[in-house]
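What follows is the residue order along each chain.
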Amino acid sequence: MLGERTNDHLQETQKKKEHGMTLPEHAVTCVGMGAGNLGLLMHADTQGQLVQLLDQGIGLYDKQAFGAGTLNVSCDANSFGSDFSGLVSTTGALHELWVDPNMTALHRDEVVSLPEANSFYTSVGENIAELVSEHPTSEIIRENVSYVVYDPTAPESSPQRFVLYGGKDADEKQIIGYANNVVFGTGASQELAPYHHIRKGQFAYTAEKVLSADQKELVALYSALKQKDPDARKLTILGMSHGALATVDAILRYDQEHEKILGEGAIHLLAKREPEIFCEDRAEVGEIYGKQGREIREALFAPNGTYARFTGIRAGAKELYGRILSGDEKRVQTTILPDDAVSLWEHPQVAAAT
C-alpha cells in the first residue's frame, strides 16, 4: 500500500488542479507506469541516477496503481526469475525492495509464472511511488494521457517542449501538463480483426484476455464452443509465439479438467514461421533444431556461445510445442504460411474457422 506521504503528495497535486493553479511541468514525463517505465526507473537506480532524476523533476502519469496490472495473466513467463530481480540494485534508492517477500520467488534461474512477475512489478511500483513522495519536484498524476503534442518552436531546454492532453473523460481535450522530455510506456495492444473479417456466428478473443488470471474470458470462450455441434468446435489461433502457445496450453488444460469437448485437430495454429525455441546452449539448439530439420539462426548466439537470453518459447509453451511436433497432442494442428502470403486474418482458413 502507498504510504501517507505518497497519498498527501497525490492530494496536493489534485488541489492545485482544482484551484486552477499552474499545470505540472517536468524535466521528464513517463506516460504509463507498467513494466516498461518501471524498468526504466529501475535501470536509472542501478546507474545511481534515480535520485538525481527525481530532483530534476519526473511526472508519472497513470490512472492505475503502478505495476498492478502488469503481466497479470495465468501463464509462465518467457524469462527467468532472476531476469526480474536482477533489475533492482542492491545499493540504490530502491534497495529496500529486496526485503519484500514478493522478491523471494524471483531469486532463481528458472522460469517463473507471470502472476509472480506481476507481484514483483506491483512491489516496485509501490516503492517508486513512496520514493517520489519524498521529492517535491516530482509527482504522480492519476490521469490518462490521451495524446502528446510537440512544440517545434520551444527551445530545447523548455519545460513546455511537449504538451500533454487528457482528462477524466476520453473525449476531453484539455491540457493536463507539460514536459521537456516524454517517455511512452503504454504497452502493446492486441486488436481484433475488422468486423468484416468475422463471419456471422464467429467470435474472437485476444490472448491477453484468455490468459487473464480471473479466467472470465477463458470460461466464456469454452462456453461458446460447448454450444456448437461437436464437429464445429474449432479454434484458429493466429501466431505461434510464447503467448499463442501459452493460450493453447491454457485452453487444453481447461478442457482436460472439465468436459473434454475438444477433439482431434480442434485447435489450429496458423503462423508465418516456426517459433524460436529457448535453449540453454548451442548443444541443445543443435539437438532440437536438428531433429526438426530447421536452420539455426547464428545471430541469436552470444560470443561466448550462449543462446539469446530473451528469445524463444519456454516452459509450458516449449513443452506443448514438443508434444505437437511429436504427434502426442492430436487436439492441435499447425500450418506455416510463406512470408509473402496474405495476412493471417485474410487467410481462407481463418475465414472458415471459428
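Higher on the page you've got the structure.
Conventions and cut-offs
Residues numbered from 1 in each chain as written. Predicted model: local features only at pLDDT ≥ 70, side-chain atom pairs only at ≥ 80, totals over all residues. Heavy atoms only, no water. Helix = DSSP H or I, 4+ residues; strand = E, 2+ residues; numbered from the N terminus. Buried < 20%, exposed > 50% of the residue type's maximum accessible area, 1.4 Å probe, protein only. Contact = heavy atoms within 4.5 Å. Areas by Shrake-Rupley, 256 points an atom, 1.4 Å probe, with all protein chains shown as cover. Core = buried A, V, L, I, M, F, W, Y, C linked by side-chain atoms within 4.5 Å. Phe/Tyr/Trp six-rings, centres within 6.5 Å; stacked < 30°, edge-to-face > 60°. Pairing = 2+ DSSP bridges. Axes fitted to C-alpha atoms, helices over the stretch in contact; angles between N-to-C directions. Arc of directions from axis to C-beta. Expected span 1.5 Å × (residues − 1).

Engineer: Honestly, the overall build of the chain in this entry has me stumped. Any pointers?
Structural biologist: Regarding its fold elements, the chain presents 11 helices and 11 strands. When each of the 354 residues of the chain is scored for burial, the buried share is 45%. When contacts within the chain are restricted to residue pairs at least 6 apart in sequence, long-range pairs at least 24 apart make up 71% of them. Total accessible area computed for the chain in this model is approximately 18600 Å², and 50% of it derives from carbon and sulfur atoms.

Engineer: How do you make sense of the nonpolar core when you look at a structure like this?
Structural biologist: Side chains that are nonpolar tend, in soluble globular proteins, to be buried together. One finds Leu245, Val248, Ile251, Leu262, Ile267 and Leu269 to be the most contacted residues of the largest nonpolar core, which totals 34 residues. For this core, the elements supplying multiple residues, two or more each, are helix 7 (216-226), strand 9 (235-238), helix 8 (242-257), strand 10 (267-271), helix 9 (282-292) and helix 10 (315-326). Per-element tally for this core: the top contributor is helix 8, with 6 residues. Ranked by size, the runner-up nonpolar core spans 32 residues in total, among them Val88, Leu131, Val132 and Leu211.

Engineer: What am I meant to see in the packing of aromatic side chains here?
Structural biologist: Note on aromatic pairs: each is described by the distance of the centres and the angle between the planes. In total, this model carries 6 aromatic pairs according to the counting rule given. Consider the rings of Tyr150 and Phe162, whose centres lie 5.3 Å apart with planes at 40°: the pair is tilted. Of this pair, Tyr150 sits in strand 6 (residues 145-150) while Phe162 sits in strand 7 (residues 162-166); the two residues are 12 residues apart in sequence, bridging distant segments of the chain. On the basis of relative accessibility, which here comes to 43%, the residue Tyr150 falls in the partly exposed class. Taken together, the aromatic side chains of Phe84, Phe120 and Tyr121 make up a single cluster linked through ring pairs.

Engineer: Please clarify how the sheet that holds strand 11 (residues 332-336) should be interpreted in this entry.
Structural biologist: Strand pairing in a sheet takes place through backbone hydrogen bonds and is either antiparallel or parallel in direction. Spatially, 9-10-11 is the arrangement adopted by the 3 strands of the open sheet, whose pairing is parallel. Taken across any chain shown, the strands that pair with only one partner, and hence form the sheet edges, are strand 9 and strand 11. Strand-to-strand twist in this sheet, taken as the mean axis angle between neighbours without regard to direction, amounts to 20°. Where strand 9 lies against strand 10, 4 bridges are found, and the strand directions are parallel. Paired with Leu235 across the bridge in strand 10 is Ile267.

Engineer: Help me understand helix 7 in this model?
Structural biologist: Since the α-helix advances by 3.6 residues per turn, residues separated by three or four positions end up pointing in the same direction. By the burial criterion, the buried members of helix 7 are Leu218, Leu221, Tyr222, Ala224 and Leu225. Down the axis, helix 7 shows its buried residues gathered within 160° of arc, on one side only. For helix 7, the secondary structure elements touched by its buried residues are helix 6 (207-210), strand 9 and helix 8.

Engineer: It is not clear to me how helix 2 (residues 35-46) should be interpreted in this structure. Could you clarify?
Structural biologist: Taking 1.5 Å of rise per residue, the 12 residues of helix 2 would be expected to cover 16 Å, and the 16 Å separating its terminal C-alpha atoms lies within 8% of that figure. Where helix 2 is buried, its residues touch strand 1 (25-31), helix 3 (50-56), strand 2 (58-61), helix 5 (114-132) and strand 8 (174-184). After helix 2 finishes, the residue Gly48 shows a positive phi value of roughly 70°.

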